[in-house]
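# Secondary and tertiary structure notes
Spelled out, the chains give:
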Amino acid sequence: ASTAAADANAERVADRGEGVAMREKAAMRQLVADFKSEGLTEAEVVRAAALFKRHDATHRGALSPRSFSSLMVKAGAADGIEYTEAELQGLLRRADLDADGDIDFYELTELLSRQKRLRKHVKEKELIQKRKAEVDARNAAKYAAEATEKAKIEAAEQRNKERLEALDRQIAAAEADEAVPPPPP
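Residues numbered from 1 in each chain as written. Predicted model: local features only at pLDDT ≥ 70, side-chain atom pairs only at ≥ 80, totals over all residues. Heavy atoms only, no water.

### Considering the overall build of the protein
For clarity, the cut-off: Strands here mean DSSP runs of E at least two residues long; helices mean DSSP runs of H or I at least four residues long; both are numbered from the N terminus. Relative accessibility decides the category of a residue: with a 1.4 Å probe and only protein chains considered, values under 20% of the type maximum give buried, values over 50% give exposed, and everything between is partly exposed. Contacts are residue-level and defined by heavy atoms, with any inter-residue pair within 4.5 Å sufficient. The protein chains shown are the only cover counted for residues, whose accessible areas, like all others here, come from Shrake-Rupley with a 1.4 Å probe.
From N to C terminus, the protein includes five helices and two strands. When its helices and strands are written in sequence order, the protein yields α-α-β-α-α-β-α. Counting across all 185 residues of the protein, residues that qualify as buried make up 19%. Contacts in the protein between residues far apart in sequence, at least 24 positions, make up 54% of those at least 6 positions apart. With the model as given, the accessible surface of the protein reaches about 13,800 Å², and the carbon-plus-sulfur share is 58%.

### Here we look at the packing of helix 2 (residues 42–55) against helix 3 (residues 65–78)
For clarity, the threshold we go by: Note on geometry: axes are C-alpha line fits, over the in-contact stretch for helices, and angles between N-to-C directions span 0 to 180 degrees. With respect to orientation, any angle under 35 degrees is reported as roughly parallel, any angle over 145 as roughly antiparallel, any angle of 65 to 115 as roughly perpendicular, and every other angle as oblique. Less than a right angle of anticlockwise turn of the near helix away from the far helix marks a crossing as left-handed, whereas a clockwise turn marks it as right-handed. In this classification, the charged set is Asp, Glu, Lys and Arg, the nonpolar set is Ala, Val, Leu, Ile, Met, Phe, Trp, Tyr, Cys and Pro, and all remaining amino acids, among them Gly, are polar.
Between helix 2 and helix 3, whose axes approach to 10 Å, the crossing angle comes to 140°. Taken together, helix 2 and helix 3 sit at an angle that is classed as oblique. As helix 2 runs across helix 3, the sense of the crossing is right-handed. Of helix 3, the residues touching helix 2 (which contributes Arg47, Leu51, Phe52 and His55) are Ser67, Ser70, Leu71, Lys74, Ala75 and Ala78. Grouping the constituent residues of the contact of helix 2 with helix 3 by class yields five nonpolar, three polar and two charged.

### Focus: unusual backbone geometry
Positive phi outside glycine occurs at His59, with the angle close to 55°. Turning to its location among the elements, His59 is positioned in the loop between helix 2 and strand 1 (62–63). You will see that Ala99, though not glycine, has its phi angle at about 55°, which is positive. Take Ala99: it is sitting in the loop between helix 4 (85–95) and strand 2 (103–104).

### Examining the nonpolar core
Generally speaking, soluble globular proteins have nonpolar side chains that are buried together. The following threshold applies: As used here, the term nonpolar core means buried Ala, Val, Leu, Ile, Met, Phe, Trp, Tyr and Cys residues forming a set that is joined through side-chain atoms within 4.5 Å.
In this structure, Phe68, Met72, Ile103 and Leu108 are the most contacted members of the largest nonpolar core, which totals 17 residues. Elements supplying a minimum of two residues to this core: helix 2, helix 3, helix 4 and helix 5 (105–179). Sequence-distant contacts of Met72, that is, excluding residues within four places in its chain, are made with Tyr83, Leu88, Leu91, Leu108, Leu111, Leu112 and Gln115.

### Describing the side chain of Thr109
One can find Thr109 in helix 5. The buried category is assigned to Thr109, whose relative accessible area is 0%.

### Digging into the pattern of salt bridges
Stated formally: The working definition used for a salt bridge is a side-chain nitrogen of Lys or Arg within 4 Å of a carboxyl oxygen of Asp or Glu.
Applying the stated criterion across every chain, the model contains four salt bridges. With a closest N to O distance of 2.9 Å, Glu44 and Lys116 form a salt bridge. You can see Glu44 sitting in helix 2 and its partner Lys116 sitting in helix 5, a full 72 residues away along the chain. In this structure Glu44 comes out as partly exposed when scored by relative accessible area, which is 29%. With relative accessibility at 25%, the residue Lys116 sits in the partly exposed group. Notably, a salt bridge pairs Lys132 with Asp136, separated by 3.1 Å at the nearest N-O pair. Of the two residues, Lys132 and Asp136 are both situated in helix 5; the distance of four residues between them amounts to about one turn of the helix. With a relative accessible area of 52%, Lys132 lands in the exposed category.

### Remarks on the packing of aromatic side chains
As a reminder, the rule being used: Two aromatic rings from Phe, Tyr or Trp, using only the six-membered ring of Trp, form a pair when their centres are within 6.5 Å; if the ring planes differ by under 30 degrees the pair is stacked, by over 60 it is edge-to-face, and anything between is tilted.
Applying the stated criterion across every chain, the model contains one aromatic pair. For the pair Phe52 and Phe105, a centre-to-centre distance of 5.6 Å together with 80° between the ring planes defines the contact as edge-to-face. One end of the pair, Phe52, is in helix 2; the other, Phe105, is in helix 5, with 53 residues separating them in the sequence. On the basis of relative accessible area, Phe52 is assigned to the buried category, the value being 7%.

### Some remarks on helix 3
Heads up, the condition is: An expected span of 1.5 Å times one less than the residue number is assigned to each helix.
Here helix 3 spans 20 Å end to end across 14 residues, near enough to the 20 Å set by a 1.5 Å rise per residue. Burial in helix 3 covers these residues: Ser67, Phe68, Ser69, Leu71, Met72, Ala75 and Gly76. Directly beyond the C-terminal end of helix 3, a positive phi value near 80° is found at Gly80.

Structure (structure tokens):
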């Protein structure tokens, strides 16, 4: 009888566990839907949730400043970013939307979303600057080629002018020789 009771109890626990897992999945789907509008992908929300859960040592749904800093250091390292202490303090100030000294999951995802938008903006700006530099370089090469061609043309025109002046002098000299009467015999 005790075996049957233990089996029934185990089934109830398993059913509760499945129910909890289903509720957690539903909650995660809702979070993903909410944060997609903020620009975070499902993978980013899942990653943030896992990091948050791992660093929420007290399981109270909020990160202390120390836990938040630890989380950001690990998240930054995964993205190839090393934060200084001053940068971490700045991130904490920007993340703590309600100024209670702790960071809840919503505040964390809001910060991550803002950082993602900022990185995207910076990348777009860098791309624009790169393209502008490429255009400037092409234009500089074009202007240099035009200046070189113009200099060649001006040099050729100068040579032609000098040749014409030389011819004019020769013609004038020849005409002067004809105009001089021959010396008397």
